Amino acid sequence: MGQFATGVTVITTLGDNGVPVGMAANSFASVSLDPPLVVWSIDLNAPSLSAFRTHPSFAINIMCEDSKDLVMNFAKPSDNKFADVSWQAGLDGVPVLDAASTVIQCRTENRIAGGDHEMYLGRVLDCHKTDKAPLIFHKGKFAKLGNLL
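Thresholds applied
Residues numbered from 1 in each chain as written. Predicted model: local features only at pLDDT ≥ 70, side-chain atom pairs only at ≥ 80, totals over all residues. Heavy atoms only, no water. Pairing = 2+ DSSP bridges. Helix = DSSP H or I, 4+ residues; strand = E, 2+ residues; numbered from the N terminus. Buried < 20%, exposed > 50% of the residue type's maximum accessible area, 1.4 Å probe, protein only. Salt bridge = Lys/Arg side-chain N within 4 Å of Asp/Glu carboxyl O.

Caption draft 1: Structural detail: the sheet that holds strand 12 (residues 141-144). The sheet built from 3 strands is open, its strands ordered 1-11-12 with antiparallel pairing. Each end of this open sheet is capped by a strand with a single partner; those strands are strand 1 (6-7) and strand 12. By the bridge criterion, 2 bridges tie strand 1 to strand 11 (residues 135-138) in an arrangement that is antiparallel. Counterpart to Thr6 in the pairing with strand 11 is Phe137.

Caption draft 2: Local environment of the pairing of strand 10 (residues 117-129). The sheet contact formed by strand 5 (residues 36-43) and strand 10 spans 7 bridges and is antiparallel. Looking across to strand 10, one finds that Leu37 is bridged to Arg123. When strand 9 (residues 100-114) meets strand 10, the two strands line up antiparallel, connected through 12 bridges. Bridging across to strand 10, Thr102 finds its partner in Lys129.

Caption draft 3: Structural detail: the side chain of Gln105. In this structure, Gln105 sits in strand 9. Classification of Gln105 as buried rests on a relative accessible area of 11%.

Caption draft 4: The arrangement of unusual backbone geometry in detail. For the bond running from Asp34 to Pro35, omega is 0°, close enough to zero to count as cis. Residue position: Pro35 is located in the loop between strand 4 (28-33) and strand 5. One non-glycine residue, Asn17, lies in positive phi territory at about 55°. Inspection of the secondary structure puts Asn17 in the loop between strand 2 (9-14) and strand 3 (20-25).

Caption draft 5: How the structure looks around the pattern of salt bridges. Evaluated as defined, the whole model comprises 4 salt bridges. Between Glu118 and Arg53 there is a salt bridge, with its nearest N and O atoms 3.0 Å apart. Of the two residues, Glu118 is situated in strand 10 and Arg53 in helix 1 (residues 49-54); the sequence distance between them amounts to 65 residues. Glu118 sits in the buried class, given a relative accessible area of 8%. In this structure, a network of salt bridges that share partners links the residues Arg53, Arg111 and Glu118.

Rendered as structure tokens:
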């Protein structure tokens, strides 16, 4: 699957007692324009799975090309992934990362079992974009977006 270049996201929500939760993911796609729906997936062994199952909302933070270190922070296990991370409370208090090039705020529409993952279908309720260039992931490495055709 590494042959397919993807954008890089950090998916965020709130866990127990309103503690911010986040994870790096590149399993994100648009599903529908009317109504606006997106999908992403999480490993059934992910420590943050229960938070996403419990909280009704999540944010998809599409990361910018200079956020590689921040993404790696969310890709590794940690007791506090939000230490020294600049963020704001979005829909239902869900963390929205200041470093994101685009933030898509969603409410969970459905969860779908899929092998060793669970897919989250989200209804888009808000979208904020900037002019920051996105971070790309291809063949196991981060990359920058090249010249457009």
